[in-house]
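Survey of secondary and tertiary structure
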Amino acid sequence: MKFIAKLHFVLIVPFILISCGGGGGNGAATLFVPPQSVENWTIVSSLPFGATPTGLALSNKIAYIADGDLSIVDISDPVSPVVAHGIIAHTGNLGGIYRVAVSGNRMLLAATPLCDGWCNYDPLAGTVAFYNTSVPSNPIKISEQSMAAGDVLLEGNIAYISRDNLQPQLDIIDMSVQPMASILGTANIGTDGRLAKAGNNVFLSYNNSSNFEALQTIDVTTPTSPIVLNAGNNAWSLVDHARI
């Protein structure tokens, strides 16, 4: 039996919040519009997806959805969302696409390695690719970097990437440099995890191998010299994949 994941679009005027959830049965991408209150959502449209999304981003009424492949969906008309473009996994140097971040007309993707055999399970292998999305229906690759990413954030041309290397780290990368991206600075972290940014601080939430929930704060005022402000040894209840 083939399962289809369920993706929920929640529109909170003037902002859009996307949440996703898998299920053991059929599902679809669903767009909710609350007329006055978020307590009275109205389903106005649905789109089917073949797998549970693991990466979601929004910019200029365009939704970017990673579920192995990458779908770029025009949601300017909530009643009739349209898939403007798709990037299919296992093309170029991209394996399965599992993270996406967007800033203006720039997009960052994280993908598993494009290979067969044991390398598919190498936790240190992967690709991060940077695109110009000025025309959402025709994204153009600017540069790429060979690395595995736990999560990705994007602010202009600057990427923040959590990585679970032998020494886990947060890399700050100028993705506009061609043909390969340039690492500006690095900070040692507890493990790779989900990222959010507010002001000059990047926040990393994770659950480590000891099942310890933590939040680390990294000051990125100077991208070439990021400073870890706490060791992540304060217990926090993780808000799953929260974004600031």
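Here the structure is a predicted model, which means the values were calculated and not measured. One numbering rule holds for all chains: residues counted from 1, following each sequence as written. Residues qualify for local features only when their pLDDT is at least 70, as the model is predicted, and side-chain atom pairs are given and counted only at 80 or more; totals for whole chains, interfaces and linings, by contrast, use all residues. With hydrogens and water stripped out, all remaining heavy atoms of the structure feed into the side-chain values.

1. Re the sheet that holds strand β12 (residues 140-146)
How we decide: Two strands make a pair as long as DSSP finds a minimum of two bridges between them. Secondary structure elements are taken from DSSP: a helix is a run of H or I of four residues or more, a strand is a run of E of two residues or more, and numbering for both begins at the N terminus. Angular values range over 0 to 180 degrees, each being the angle between N-to-C directions of two axes fitted as lines to C-alpha atoms, with helices fitted over their stretch in contact.
Pairing in this open sheet of 4 strands is antiparallel, and the strands run β9-β10-β11-β12 from one edge to the other. Here the strands that pair on one side only, and so sit at the sheet edges, are β9 (94-103) and β12. The average angle at which neighbouring strand axes cross in this sheet is 25 degrees, direction not considered. Looking at chain direction, strand β10 (residues 106-113) and strand β11 (residues 127-132) are connected through 6 bridges and run antiparallel. Looking at the pairing, Ala111 lines up with Thr127 of β11.

2. Thoughts on the side chain of Ser143
Put simply, the test is: Buried, partly exposed and exposed residues are distinguished by accessible area as a fraction of the type maximum, computed with a 1.4 Å probe on protein chains only: under 20%, between the cut-offs, and over 50%, respectively. Polar contact criterion, stated in full: a pair of N or O atoms within 3.5 Å, where within protein one must be able to donate a hydrogen and the other to accept it, and residues adjacent in sequence count only if both atoms are side-chain atoms.
Positionally, Ser143 belongs in strand β12. Given a relative accessible area of 2%, Ser143 falls into the buried group. Here the side chain of Ser143 touches Met175 through a polar contact of 2.4 Å, landing on its backbone oxygen.

3. A look at the confidence of the model for the protein chain
Under the convention used in this document: For every residue, the pLDDT score states the predictor's confidence, bounded by 0 at the bottom and 100 at the top. Contact criterion: two residues are considered in contact whenever any of their non-hydrogen atoms come within 4.5 Å of each other.
Overall, the predicted model of the protein chain reaches an average pLDDT of 76, with 68% of residues at or above 70. Of all secondary-structure elements in the protein chain, the lowest mean pLDDT belongs to strand β2 (residues 15-21), at 45, while strand β13 (residues 151-155) reaches the highest, 94. In this model residues 22-28 is a low-confidence stretch, pLDDT under 50, and it forms 17 contacts with partners more than four residues away in sequence or in other chains.

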